[in-house]
Amino acid sequence: MLFLLVSCNSYNKLLKSSDYDYKYEAAKEYYTSGKYERAIVLLDELIVILKGTDKAEEALYMLGMSYYGQGDYETASHYFISYYNNYPRGIYTEEARFYTGKTLYMAVPEPRLDQSSTIKAIQELQMFLEYYPESERKELVHEMLYELQNNLAEKEYESAKLYFNLGPYMGNFSQNSGNNYEACVITAQNAIKDYPYCKQREDLAFLILRAKYEMAIQSVTEKKEDRMRDALDEYYAFKNDYPESKHASEVEKIYRRINKKGGDVLEEKEIED
C-alpha cells in the first residue's frame with residue numbers, strides 16, 4: 001500500500017511537471033513496461049509540445065501503439081495514419097502502415113452489419129503490400145485480407161439468400177418484370193466474381209443453381225423452356241466445379257426435377273450433349 005501511495009504521488013507530480021524531457025522519458029518508460037494508460041496521458045500532451053523536435057516522431061508512434069495496446073483500435077488507427085502522413089520516410093513508417101491495416105482489421109463488425117470499415121481495412125492492407133511487397137509481415141497481411149474478403153462475401157451471400165427466400169414478386173413472373181430469384185443470381189454471381197477465393201464460393205454457386213431452378217419451374221410458359229435449359233446448364237457447371245460437393249444430394253434432386261418438369265426438350269438436349 002505504501003508503494004502504491006508513493007507511486008501515485010510520483011505520477012501526480014509528474015503530470016504537473018513542466019519538465020517535458022522528464023515527462024517524455026517517463027512516457028517511454030510507461031510504454032515499454034506496458035502501462036499504456038499512463039503513457040497515453042503523457043503522450044497526448046507531449047505530441048503537441050514536441051512538434052518539430054527530434055522526439056515528435058517517436059512520440060506519435062508510441063501514442064498509436066499505446067492505444068493499440070489498450071485495445072482502442074479506432075483511435076490507434078487515427079494516430080498511425082497521422083504518423084505515415086507526417087513521416088512518409090520515417091523510422092516507423094512500415095510499422096505504422098502495417099498497424100493501420102491491422103487496427104482496422106481488428107475493429108471490423110460482423111458480416112451482417114455495415115462493411116465500410118472492412119473495405120477501408122482492405123485498402124490499407126493492400127496499400128501496405130504495395131509499399132512493402134517483400135515485408136516479413138506479408139503472409140500475415142494476406143491472411144487478414146483473406147478473412148476480410150470472406151466478411152464481404154458472407155454479407156453478399158446473406159443478401160443473396162434473402163432474395164431467394166423472398167421468392168418471386170407477387171407470386172409469379174411477368175414477361176417483363178424482374179424477380180427476387182434473378183436478384184439472388186446476380187448478387188451471388190457478383191460475389192463469386194469479386195471474391196473468387198472466398199470460402200462461401202461453393203454455397204454461392206449452389207444458391208445460383210437453386211434460384212435458376214425455381215425461376216424455371218415458376219416461369220411463365222413462353223420463358224419456361226429457356227429457363228429450364230439455363231438451370232440444366234447451371235447443374236452441369238456446378239457438377240464440374242464441385243464434383244465432391246457437400247450439396248451433392250440436393251443437386252441431384254434438382255437435376256431429376258429439371259428433367260421431370262422440363263419434358264422431352266431437355267431430355268433431347270442431354271442426349272445431344
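Novice: Mind showing me how you'd approach the environment of Val41 here?
Specialist: Here Val41 lies in helix 3 (residues 36-49). Taking the C-alpha atoms as reference points, Val41 and Ala27, separated by 14 residues in sequence, lie 8.6 Å from one another. In this structure, Val41 is in contact with Tyr11 and Leu15, ignoring residues within four places of it in sequence.

Novice: Explain the packing of aromatic side chains to me, please; I cannot follow it from the model alone.
Specialist: Scanning all chains against the criterion turns up 20 aromatic pairs. For the pair Tyr61 and Tyr92, a centre-to-centre distance of 4.3 Å together with 0° between the ring planes defines the contact as stacked. Here Tyr61 is found in helix 4 (residues 56-70), whereas its partner Tyr92 is found in the loop between helix 5 (73-86) and helix 6 (93-106), with 31 residues between them in sequence. A centroid spacing of 4.4 Å and a plane angle of 20° characterise the contact between Tyr235 and Tyr255, whose relative ring orientation is stacked. Remark: Tyr255 occurs in helix 12 (residues 248-262) and Tyr235 occurs in helix 11 (residues 221-241); sequence separation between them is 20 residues. Members of the aromatic cluster, connected to one another through ring pairs, are Tyr61, Tyr68, Tyr73, Phe80, Tyr83, Tyr87, Tyr92, Phe98, Tyr99, Phe128, Tyr131 and Tyr132. Across from the ring centre of Tyr84, 3.9 Å away, lies the NZ or CZ of Arg97, which sits over that ring. Its guanidinium or amino end placed over the ring of Phe98, Arg137 lies 4.8 Å from that ring's centre, counting from NZ or CZ.

Novice: How should helix 5 be read in this particular structure?
Specialist: Because each turn of an α-helix spans 3.6 residues, side chains separated by three or four positions end up pointing in the same direction. The end-to-end C-alpha separation of helix 5 is 20 Å, in line with the 20 Å expected for 14 residues at 1.5 Å each. The complete set of buried residues in helix 5 reads Ala76, Ser77, Tyr79, Phe80, Tyr83 and Tyr84. Down the axis of helix 5, the buried set is contained in an arc of 165°. They therefore lie on one face. Opposite the buried face of helix 5, by more than 90 degrees, sit the exposed residues Glu74 and Asn85. Those residues of helix 5 hidden inside the fold are in contact with helix 3, helix 4, helix 6 and helix 7 (116-131).

The rules behind each value
Residues numbered from 1 in each chain as written. Predicted model: local features only at pLDDT ≥ 70, side-chain atom pairs only at ≥ 80, totals over all residues. Heavy atoms only, no water. Helix = DSSP H or I, 4+ residues; strand = E, 2+ residues; numbered from the N terminus. Contact = heavy atoms within 4.5 Å. Phe/Tyr/Trp six-rings, centres within 6.5 Å; stacked < 30°, edge-to-face > 60°. Lys NZ or Arg CZ within 6 Å of the ring centre and 35° of its normal. Expected span 1.5 Å × (residues − 1). Buried < 20%, exposed > 50% of the residue type's maximum accessible area, 1.4 Å probe, protein only. Arc of directions from axis to C-beta.

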